[in-house]
Amino acid sequence: LVFWPWARDAYHVVKFAALSVFAIPAFGCWWLIGRPGWAGVPRWYRLVAAGFLGWVLLRAVGAEDRTSAYLRAIEWSLTFLAATATLGLGERDRQVAFDTLLVAGGAAALVGLGQYFLGREALSRYAVDERSVTFTTERVFSTFGNPIFFAGFLVLVLPLTIMELARRDATRRRTGWLAAVAILELVSLALTASRGAVMGLAGGLGLLVLTVRELRTRLAGLALGAAALVGIVGVVRPELIQHLLTGGDPGRLLMWHTAFRMWGKAPLLGTGLGQFALRYPCVQLEIATPGDAGFGVNAVHAHDEYLEAMAELGLPGLLLFVGAFIGLLALPTGPARGWAVKAGVLAVAVHGLFNFPLSTAPVQMFTWMFPAIWLLPPPGEREEPLPGWRAGVMAAGAVILVAAVTLVPLVRSSYHQWALAYQDAKMYPRAAVALEKAGRLLRDDVQSRIGFTRGKLAFEAGDLVTAEARFQDDLVRFPCYPEGYGNLGVVYGVRAMNGDKHALAISQEWISKALRVRPGGREAATDYNSLGNVRVLAHNERGALESYRQALACDDAFVEPAVNAARLLLKRHRSAEAAAIVLRVLRKRPADPDLQRLALELGVRP
């Protein structure tokens, strides 16, 4: 469904549902058949993992952003159910699992390369926000929706692929197949331009070279070859290597500082599971100013798995998380692939210092499933097959359980996606019905902002009364998110255009409130542009030009304030200033038709 334009976030929904359908029945089989492989898991790890899962479920209770907490609790539950259910596979099944992983990794890498050669929009029309900092320098994301998640998957599977390639007993045909998959995955990793993932892979491959003596020479050669391949990609696309080698994103320092302050407010219990995104804007305002790098960005994650765990789950949750995650490295190594699995876990652990790879369901679940499959030795004797009636009862119970756990969020997400698709198609009534149904199934949450979307939809349909009511409700739910204030200002601006004299002052007041909550940063650009438009209505052209310039200072690639400022300057016969603004933004957005027309009118070009 990632290729279906209407399914905006279907890659996550489909994977989440598919893993749910696998995990719960498989766990039921594991329990009834006799729990093969369970004895191989050290008791200390069972206690740590059970303690972490119990703490996660406990901290999901009573959350203000209930839907986010509910979905995150399901993800963690499915992670441990899936890992437990895959314990005890025989050697033949492990080989099948490995071959299937190769196919999956190669296919995901091919999709990523397709995004590079064909364009990201050609593969998933709605998957990219042009103004998102996540997708700068043409970073590919395959079917994972985000380059960080895709990179997390690649660094987890690459050590297994390279380890298998280094073995001396592989046939020539299999060696060729492994080499092709490894090359595809390495090139895709380079195209994600994820610095944390590259550092993680370096650490993982270093672990393999140090621990697997009989393959050390081959592994060292393959590691050098991988580095050379990434270097070749850098020659072809130097901006990617430049991104990899720059000193980092200074905005992440603010995210980390905010996460630490968030933890300081509740050091033992944390803010609650899944509550980071809800709390972030309010806490950021307490410690940052508009001049700070990254100010105004409503970070959904802390870009550090450990800090986010500490902020949401408190110090006990952090210790249990580290024990359950890093503790995978202390499990018995088992067969030869065990070290490759540990190398992948180490790569994700390093990646998690700078990003949030465990916040996507596939990477999160595979991080625990891979050790369950390949770390521990296969069990000895197998239990007899279940009688037919017991298997039938178990299957029926599993179906009911899966439906109970996954059906509501799956249907709610589907309604939300359909609404977005209808909205893009200008089918406002159908979109409004879909959003209403989505809101009935689960409460609004900071990820979906259903109420806010309904307000925008009503505004685009011309229903200003409903739009105002929706934005007011959104402000109650998310008081530190200034988009509601800014959009209320736009609503009253339209009323002023329609002749309501009193609406103009109210419009400026709402937008000013938005800018007091978030007076700087990239996301404030829209509010400054709206303020400029309102000032034009108020015949304050000097103030309008200042607002448009502030919008461009927040986002130097924002087309709308550049066009508005240029037209206002042309009206005042200040062509040179208009040309300078148009040229500056046109260099960032060379394909924009409005900027191209203005450049032609002004007689300039980049």
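Just so it is clear, the model here is predicted, and its values are computed rather than measured. Every chain's residues receive numbers from 1 upward, in the order its sequence appears when written. Restriction of local features to residues with pLDDT of at least 70 applies here, the model being predicted, together with a cutoff of 80 or more for giving and counting side-chain atom pairs; totals for whole chains, interfaces and linings are based on all residues. The side-chain quantities take in all heavy atoms of the structure and omit both hydrogens and water.

Asks: Can you help me understand helix α26 (residues 593–602) in this one?
Replies: Three- or four-residue spacings in an α-helix give side chains the same orientation, since the helix completes a turn every 3.6 residues. Whether a residue is buried, partly exposed or exposed follows from its accessible area with a 1.4 Å probe, protein chains only, as a fraction of its type maximum: under 20%, in between, or over 50%, in that order. To qualify as a helix, a DSSP run of H or I must reach at least 4 residues; to qualify as a strand, a run of E must reach at least 2; elements of each kind are numbered from the N terminus. Taken as a whole, α26 has its buried residues at Leu595, Leu598, Ala599 and Leu602. For α26, the buried positions fall inside an angular range of 100° around the axis, keeping them on one side. Exposed side of α26, more than 90 degrees from the buried face: Leu600 and Glu601 are the residues found there. Lining the buried residues of α26 we find α24 (559–571) and α25 (575–588). If you check the start of α26, you find a side-chain oxygen 3.1 Å away from the backbone N of aspartate 594, and it comes from aspartate 592. Immediately beyond the C-terminal end of α26, within one or two residues, lies glycine 603, with a positive phi of roughly 75°. Note that the arc is computed from the directions linking the helix axis to the C-beta atoms. The contact criterion used is simple: two residues touch if any of their non-hydrogen atoms lie within 4.5 Å. Two N or O atoms count as a polar contact when they lie within 3.5 Å, although within protein this holds only if one can serve as hydrogen donor and the other as acceptor, and sequence-adjacent residues are included solely when both atoms are side-chain atoms.

Asks: I'm lost on unusual backbone geometry in this one. Help?
Replies: Outside of glycine, negative phi angles account for most residues, and trans bonds account for most peptide bonds. Unusually for a residue other than glycine, arginine 449 sits at a positive phi of about 50°. The topology assignment puts arginine 449 in the loop between α17 (428–441) and α18 (450–460). Under the relative-accessibility criterion, arginine 449 is labelled buried at 9%. With phi around 60°, histidine 573 is a residue other than glycine that occupies positive phi space. By the secondary structure assignment, histidine 573 is in the loop between α24 and α25.

Asks: Please explain the side chain of aspartate 474 as it appears in this structure.
Replies: Tracing the sequence through the fold places aspartate 474 in helix α19 (residues 464–477). The buried category is assigned to aspartate 474, whose relative accessible area is 2%. For aspartate 474, the residues in contact, after removing those within four places along its chain, are Arg449, Phe452 and Gly484.

Asks: What is the right way to look at the confidence of the model for the protein chain in this model?
Replies: Do not read the fine detail of predicted coordinates wherever pLDDT is low. Taken residue by residue, the protein chain gives an average pLDDT of 83. The fraction at 70 or more is 85%. For every residue, the predictor states its confidence as a pLDDT score lying anywhere from 0 to 100. Here helix α5 (residues 120–123) stands out as the least confident element of the protein chain, with mean pLDDT 56; helix α13 (residues 305–326) is the most confident, with 97. Low pLDDT (under 50) marks residues 125–137, which in the prediction has 30 contacts with non-local residues, meaning those over four places away or in another chain. The low-confidence segment residues 381–385 (pLDDT under 50) makes 5 contacts with residues lying over four places distant or belonging to another chain.

Asks: Help me understand the nonpolar core in this model?
Replies: Burial of nonpolar side chains together is a common tendency in soluble globular proteins. One finds Phe325 and Trp368 to be the most contacted residues of the largest nonpolar core, which totals 94 residues. Among the elements that line this core, the one with the most residues is helix α6 (residues 147–166), at 15 residues. In this view, phenylalanine 325 contacts Tyr306, Val345, Val348, Ala349, Leu358, Thr367 and Trp368; residues no more than four positions away in its chain are not counted. Counting 25 residues, the second-largest nonpolar core is a separate cluster that includes Phe471, Ala503, Leu504 and Trp510. By convention a nonpolar core is built from buried Ala, Val, Leu, Ile, Met, Phe, Trp, Tyr and Cys residues, the set being connected through side-chain atoms within 4.5 Å.

Asks: Sorry, what's going on with the packing of aromatic side chains here?
Replies: Centre-to-centre distance and the angle between the planes together describe a pair of aromatic rings. Between 30 and 60 degrees the pair is tilted, below 30 it is stacked and above 60 it is edge-to-face, where a pair is any two Phe, Tyr or Trp rings, Trp via its six-membered ring, whose centres lie within 6.5 Å. Under the definition given, this model contains 28 aromatic pairs. Centre to centre, the rings of phenylalanine 149 and phenylalanine 356 are 5.5 Å apart; their planes meet at 85°, and the pair counts as edge-to-face. Residue phenylalanine 149 is located in helix α6, and its partner phenylalanine 356 is located in the loop between α14 (337–351) and α15 (361–374); the two are separated by 207 residues in the primary sequence. With respect to class, phenylalanine 149 is no different from phenylalanine 356; both count as buried.

Asks: It is not clear to me how the environment of leucine 420 should be interpreted in this structure. Could you clarify?
Replies: Among the secondary structure elements, leucine 420 is positioned in helix α16 (residues 388–424). For leucine 420, a relative accessible area of 13% gives the class buried. In this structure, the C-alpha to C-alpha distance between leucine 420 and leucine 435, residues 15 residues apart in sequence, is 8.7 Å.

Asks: What exactly am I supposed to notice about the state of the cysteines here?
Replies: Put plainly, a disulfide is one covalent bond tying together the sulfur atoms of two cysteines. By convention in this document, the label disulfide applies to cysteine sulfur atom pairs within 2.5 Å. One pass over the structure, following the stated rule, counts 1 disulfide. Across the disulfide from cysteine 282 sits cysteine 480; the S-S distance is 1.5 Å. Between cysteine 282 and cysteine 480, the disulfide has an S-S torsion of 95° and is therefore right-handed. Placement of cysteine 282 in helix α12 (residues 276–287) and of cysteine 480 in the loop between α19 and α20 (483–497) is noted, with a sequence separation of 198 residues between them. Overall, the relative accessible area of 27% leaves cysteine 282 in the partly exposed class.

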